[in-house]
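Report on the structure
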Amino acid sequence: MENNADRMHSLLLQVSDVLRTDEPEWSRSAARFVQRLEEAGTDRDLRQGVIRDILGLYRQGMGGFQDIVLQRDGAVLPEQRQLDRLRSMLFEESKRQLAGEPL
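Residues numbered from 1 in each chain as written. Predicted model: local features only at pLDDT ≥ 70, side-chain atom pairs only at ≥ 80, totals over all residues. Heavy atoms only, no water.

Focus: empty space enclosed by the protein
If you walk through the whole model with that rule in mind, you get two cavities of 30 Å³ or more. Taken as a whole, the largest cavity holds about 50 Å³ of empty space. Residue lining of the largest cavity: L12, V15, L19, W26, S29, A30, F33, L57, F65 and L90, and that is the complete set. When residues of the lining of the largest cavity are traced back to their parent elements, those giving at least two are α1 (4-19) and α2 (24-40). Per-element accounting of the lining of the largest cavity gives the leading share, four residues, to α2. Residues of the lining of the largest cavity, tallied by class, amount to nine nonpolar, one polar and no charged. (1 Å grid on protein atoms, 1.4 Å probe; cavity = no way out; pocket = protein on both sides within 12 Å on 5 of 7 lines; lining within 4 Å. Points joined across faces, edges and corners; volume = space filled by probe spheres on them. Helix = DSSP H or I, 4+ residues; strand = E, 2+ residues; numbered from the N terminus. Nonpolar A, V, L, I, M, F, W, Y, C, P; charged D, E, K, R; others polar.)

Considerations on the environment of G100
Inspection of the secondary structure assignment puts G100 in the segment after α4 (79-98). Since its relative accessible area comes to 37%, G100 is described here as partly exposed. Filtering out sequence-adjacent residues up to four positions away, G100 remains in contact with R44 and Q48. (Buried < 20%, exposed > 50% of the residue type's maximum accessible area, 1.4 Å probe, protein only. Contact = heavy atoms within 4.5 Å.)

From the geometry alone we can't say anything about function, so treat these as descriptive.
Spelled out as structure tokens, the structure:
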């Protein structure tokens, strides 16, 4: 059974992968969160700091994480659905983990 740490890791890697071609800066940002979570290990305080930073992505204004639209030549790419789903899942998982669910 996948634990919370594994779910967060997996979601961030998926976000990074979906953004790699069309939004490389955002892709690298997601990958940095993975690295920070790995460095935090099981230290709850460090992990929650990273998770707060992830949730901060959802409070950004124009041009932020929630505004990303994957498009090419004016057409929205099919990967947009996957990105939307992953963003929602990452937000919900972050809230759960910040609320203190066990690792």
